[in-house]
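# Analysis of the macromolecular model
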Amino acid sequence: MDNFEPLIAVFSCHYCSYAAADLAGSSRIQYPPNIRIIKVPCTGRVSVNHILMALENGSDGVYVAGCLKGTCHFIRGNYKAEKRVQYVRDLLSEINIEPERVQMYFMSAAEGNKFAEVAREMTEAVKTLGPSPLNKSKS
Ligand code: FES
């Protein structure tokens with residue numbers, strides 16, 4: 001599986017990680033083309049179902065990128081997202097699928113470098129894991 005290129009969905013908060021992705025782009029900071037950004041008004045908007053649907057419909061990995069703790073514009077959205085991400089990770093573990101396929105990250109709008117670093121980190125991690133067995137689009 002040397003040439004496996006994972007597809008990774010990123011639920012990205014409008015106020016922080018989406019702005020960080022923008023900054024990475026305008027600063028010409030390179031990150032892998034494997035990620036597909038889904039902009040959300042706040043990570044608190046991301047449900048367990050959204051994450052599972054992304055895994056079933058083509059993504060080999062998913063991460064939610066929200067504002068730094070204590071800076072969510074909707075107060076507790078990123079804490080709620082963190083709990084939901086943990087719920088999905090536990091669910092995956094129970095059915096013997098690597099929980100590392102789903103992660104939560106926190107970053108500010110000024111962290112273009114971190115956005116790129118996280119994209120690289122997730123791409124490498126999911127490359128090592130291989131294609132997701134949950135992915136119905138490849139069966
Ligand atoms: Fe960014 Fe809530 S507004 S995570």
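Everything below is about the structure shown above.
In this text, all values refer to a predicted model and were calculated from it rather than measured experimentally.

A separate point is the pairing of strand E2 (residues 35-40). In this structure, strand E1 (residues 8-13) lies alongside E2, joined through six bridges in parallel fashion. Note that in E2 the partner of Phe11 across the bridge is Ile38. In this fold, E1 hands off to helix H1 (residues 17-26), which returns the chain to E2; that crossover is right-handed.

Turning next to the pattern of salt bridges. For the structure shown, the criterion picks out four salt bridges. Residue Glu98 pairs with Arg101 through a salt bridge whose shortest N-O separation is 2.8 Å. Residue Glu98 is classed as partly exposed on the basis of its relative accessible area of 26%.

A few words now on the sheet that holds strand E4 (residues 102-106). Read from one edge of the open sheet, four strands run E2-E1-E3-E4, paired in parallel fashion. Every interior strand has two partners, whereas the edge strands, E2 and E4, have only one. Pairwise comparison of adjacent strand axes, ignoring direction, gives a mean angle of 20° for this sheet. Direction of pairing for E1 relative to strand E3 (residues 61-66): parallel, over a ladder of five bridges. The residue bridging Ser12 from the neighbouring strand is Ala65, located in E3. H1 contacts E1, E2 and E3 of the sheet and is inclined by roughly 110° relative to E1.

The next thing to look at is the packing of aromatic side chains. Counted according to the given criterion, the structure contains three aromatic pairs. Measuring from ring centre to ring centre gives 5.4 Å for Tyr63 and Tyr105, while their planes differ by 85°; the resulting arrangement is edge-to-face. On the criterion of sequence distance, the pair formed by Tyr63 in strand E3 and Tyr105 in strand E4 is long-range, its members being 42 residues apart. A cation sits over an aromatic face here: Arg76 above Tyr79, 4.5 Å from the ring centre.

Relative to each other, helix H2 (residues 48-56) and helix H3 (residues 77-94) sit at 50°, their axes nearing to 9 Å. Here H2 lies oblique to H3, going by the angle between them. Crossing angle aside, the handedness with which H2 passes H3 is right-handed. Of the residues in H3, those touching H2 at Val48, Ile51, Leu52 and Leu55 are Arg84, Val85, Tyr87, Val88, Leu91 and Leu92. Counted by class, the contact of H2 with H3 contains nine nonpolar, no polar and one charged residues.

Looking at where Val64 falls in the secondary structure, it is placed in strand E3. Given the relative accessible area of 1%, Val64 is considered buried. Sequence separation of Val64 and Val126 is 62 residues, and the distance between their C-alpha atoms is 15 Å. Once residues lying within four places of it in the same chain are set aside, the contact partners of Val64 are Phe11, Thr43, Val46, Ile51, Ala81, Val85, Gln103, Met104 and Tyr105.

Conventions used here
- Residues numbered from 1 in each chain as written.
- Predicted model: local features only at pLDDT ≥ 70, side-chain atom pairs only at ≥ 80, totals over all residues.
- Heavy atoms only, no water.
- Pairing = 2+ DSSP bridges.
- Helix = DSSP H or I, 4+ residues; strand = E, 2+ residues; numbered from the N terminus.
- Right-handed = clockwise from strand over helix to strand, strands pointing away.
- Salt bridge = Lys/Arg side-chain N within 4 Å of Asp/Glu carboxyl O.
- Buried < 20%, exposed > 50% of the residue type's maximum accessible area, 1.4 Å probe, protein only.
- Axes fitted to C-alpha atoms, helices over the stretch in contact; angles between N-to-C directions.
- Contact = heavy atoms within 4.5 Å.
- Phe/Tyr/Trp six-rings, centres within 6.5 Å; stacked < 30°, edge-to-face > 60°.
- Lys NZ or Arg CZ within 6 Å of the ring centre and 35° of its normal.
- Parallel < 35°, antiparallel > 145°, perpendicular 65-115°, else oblique.
- Left-handed = near helix turned anticlockwise from the far one by under 90°.
- Nonpolar A, V, L, I, M, F, W, Y, C, P; charged D, E, K, R; others polar.

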